[in-house]
Amino acid sequence: NASMPGCWQSAAAADLRGPLCAAIEPLASHRDAIVELSSWFEQEWPEWYGPAGRASARDDLCAYAAGGPGLPFGVVALLGDEVCGVAALRAESIASHRHLAPWATALLVKTSRRRRGIGSLLVEALEREAKARRFAEIHCATASAESLLLRRNWLLHERIALDLLHAAHADHLR
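Since the model is a prediction, treat every value here as computed from it, not as a measurement.

Caption draft 1: Structural view of the pairing of strand 2 (residues 73-79). The buried count for strand 2 comes to seven of seven residues, which makes it a mostly enclosed element. Burial of strand 2 is two-sided: the residues Phe 73, Val 75, Ala 77 and Leu 79 facing one way and the residues Gly 74, Val 76 and Leu 78 facing the other way are all buried. For strand 1 (residues 23-26) and strand 2, the ladder comprises four bridges, and the chain directions are antiparallel. Among the inter-strand pairings, Ala 23 is bridged to a residue of strand 2, identified as Leu 78. Examined bridge by bridge, strand 2 and strand 3 (residues 82-90) share seven bridges and lie antiparallel to one another. Each bridged residue has a counterpart across the sheet, and for Leu 78 the counterpart in strand 3 is Val 83. Between strand 2 and strand 3, which pair antiparallel in sequence order, lie two residues; one of them, Gly 80, sits at a positive phi of approximately 65 degrees.

Below, the structure written as structure tokens:
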């Protein structure tokens, strides 16, 4: 899907501050946001992307922005010109689960824009993209977004111990 413009709003968007109407577009169309998004990743996941981390936020985001028919594939949420969220599909996520694909990863909403439906819009965009690419299901390992995925009717598949993320566990949902 080359473009996913529009004003999408999920039923889960309503809260006391009101829903936000965000456009969801391919990260490939917004490569200029990679520097800002890299900073977000380093702050949100310092064990993985920080100075002593095992990965490069910039490298991962550049891969998500590569475009083309294969994986990985990234999307951003926009409120006007403001980038307020990001998410991606990738072929692999957890080493012990390489037999499963694709994986929803890198789901992150700007702190000041959270709890207003943007995460749900990003997941919805990944679901549409996976379907367009003929994947029957998507997998996600998360220590923090289980309730979002359950609201979108994902199913908990298993709980996984993930020492590398310094989390007690991650939930594998599909």
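Picking up where we left off.
Caption draft 2: Expanded view of the pattern of salt bridges. Applying the stated criterion to the full structure yields seven salt bridges. In this structure, the salt-bridge partner of Glu 44 is Arg 114, at a minimum N-O distance of 3.1 Å. Pair noted here: Glu 44 is in helix 1 (residues 34-44) and Arg 114 is in the loop between strand 4 (103-109) and helix 4 (118-132), with a separation of 70 residues, a long-range link. When its relative accessible area of 35% is taken as the criterion, Glu 44 is described as partly exposed. Residue Asp 60 pairs with Arg 90 through a salt bridge whose shortest N-O separation is 4.0 Å. Here Asp 60, found in helix 3 (residues 57-64), pairs with Arg 90, found in strand 3; they are 30 residues apart in sequence, far enough to count as distant. Taking relative accessible area as the criterion, Arg 90 reaches 28% and is therefore assigned partly exposed.

Reading the values: the criteria
- Residues numbered from 1 in each chain as written.
- Predicted model: local features only at pLDDT ≥ 70, side-chain atom pairs only at ≥ 80, totals over all residues.
- Heavy atoms only, no water.
- Buried < 20%, exposed > 50% of the residue type's maximum accessible area, 1.4 Å probe, protein only.
- Helix = DSSP H or I, 4+ residues; strand = E, 2+ residues; numbered from the N terminus.
- Pairing = 2+ DSSP bridges.
- Salt bridge = Lys/Arg side-chain N within 4 Å of Asp/Glu carboxyl O.

Shape descriptors only; they carry no functional weight alone.
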